[in-house]
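One-letter residues, chain by chain:
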Amino acid sequence: LSYQAIHTPIEAPEKYIEPFKNKGYSATKEKLFGMISYLDHSIGRVEKALKDSNMFDSTVIMFISDNGGRLGKGSSNSHFRMGKGSVLEGGVRVVSFVKGTVNDLAPLPSGIRSDALIHVTDWMPTMVSLAKGSVAKAKALDGFNVWDALKGTAPSPRTSIVWNIN
């Protein structure tokens, strides 16, 4: 299940924007916060459906991003310089989280923090491995299985990242 929020266009149902009005935020920030609130609500519905169908305990939820926020559109990349479209940390270093346990391969202890070098291309081989699949017969991949790095039991197999700058 893939969500595009938060992303342009900056919009959300009014009932999710309303709680952030009249608090000193710009209209853009109100909408961004509304988008985040709506995303949170929607993911909560997915979690409830997984629990109601007894699938939650065998599910991994990954919240990932491919780049930092777009500057000038209400985003903040905290103390990182620049944002989306930049090779500086504000453009490429993002927060992600992984939650769940799939099988004996994937017990993920709670509270682990990883600074491992991970690229968006690493998620596919990692998820295939969690599903007890194999990428051995796939065409050459740019990604690596990074599950052990996420668990903190091994360093990331990735040692570099290549940027396509046009």
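Structure: above.
Definitions and limits used
- Residues numbered from 1 in each chain as written.
- Predicted model: local features only at pLDDT ≥ 70, side-chain atom pairs only at ≥ 80, totals over all residues.
- Heavy atoms only, no water.
- Helix = DSSP H or I, 4+ residues; strand = E, 2+ residues; numbered from the N terminus.
- Buried < 20%, exposed > 50% of the residue type's maximum accessible area, 1.4 Å probe, protein only.
- Contact = heavy atoms within 4.5 Å.
- Areas by Shrake-Rupley, 256 points an atom, 1.4 Å probe, with all protein chains shown as cover.
- Lys, Arg positive; Asp, Glu negative; His and termini not counted.
- Charge placed at Lys NZ, Arg CZ, Asp CG, Glu CD.
- Core = buried A, V, L, I, M, F, W, Y, C linked by side-chain atoms within 4.5 Å.
- Phe/Tyr/Trp six-rings, centres within 6.5 Å; stacked < 30°, edge-to-face > 60°.
- Salt bridge = Lys/Arg side-chain N within 4 Å of Asp/Glu carboxyl O.
- Patch = residues over 30% accessible without salt bridge, like charges linked within 9 Å, V, L, I, M, F, W, Y side chains within 5 Å.

Caption draft 1: The arrangement of the overall build of the protein in detail. Counting secondary structure elements, the protein contains five helices and two strands. Mapped in sequence order, the helices and strands of the protein form the string α-α-β-α-β-α-α. With the principal axes as the frame, the protein shows a C-alpha extent of 55 × 45 × 30 Å. Among the 166 residues that make up the protein, the fraction classed as buried is 23%. At a minimum sequence separation of 6, the contacts of the protein that also span at least 24 residues come to 52%. When the accessible area of the protein is evaluated, it comes to approximately 11,500 Å², of which 54% is carbon and sulfur surface. Distance between charge centres in the protein, computed from 20 positive and 15 negative side chains, equals 3 Å.

Caption draft 2: Structural context of the nonpolar core. If you look at the biggest cluster of nonpolar residues, it comprises six residues: Met 62, Trp 123, Leu 130, Val 146, Trp 147 and Leu 150. Among the elements of the structure, α4 (123-130) and α5 (147-151) are those that each provide at least two residues to this core.

Caption draft 3: Looking closely at the packing of aromatic side chains. Tallying each qualifying case throughout the model produces four aromatic pairs. Relative to Phe 33, the ring of Phe 20 lies with its centre 5.5 Å away and its plane at 55°, an arrangement referred to as tilted. Pair noted here: Phe 20 is in the loop between α1 (14-17) and α2 (27-52) and Phe 33 is in helix α2, with a separation of 13 residues, a long-range link. Judged by its relative accessible area of 22%, Phe 20 is partly exposed. Phe 33 sits in the partly exposed class, given a relative accessible area of 24%. Ring geometry for Tyr 25 and Phe 33: centres 4.8 Å apart, planes at 85°, overall edge-to-face.

Caption draft 4: Representation of the pattern of salt bridges in the model. Under the criterion given, the structure shown has seven salt bridges. In this structure, the salt-bridge partner of Lys 99 is Glu 47, at a minimum N-O distance of 3.0 Å. Of this pair, Lys 99 sits in strand β2 (residues 97-100) while Glu 47 is found in helix α2, placing the two residues 52 residues apart along the sequence. The class for Glu 47 is buried, based on a relative accessible area of 16%. Residue Asp 148 pairs with Lys 151 through a salt bridge whose shortest N-O separation is 3.5 Å.

Caption draft 5: View of a nonpolar patch on the surface. Taken together, the side chains of Val 87, Val 92 and Trp 163 make up a nonpolar region of the molecular surface, amounting to roughly 250 Å² of accessible area. Within the element layout of this structure, Trp 163 appears in the segment after α5. When its relative accessible area of 43% is taken as the criterion, Trp 163 is described as partly exposed.

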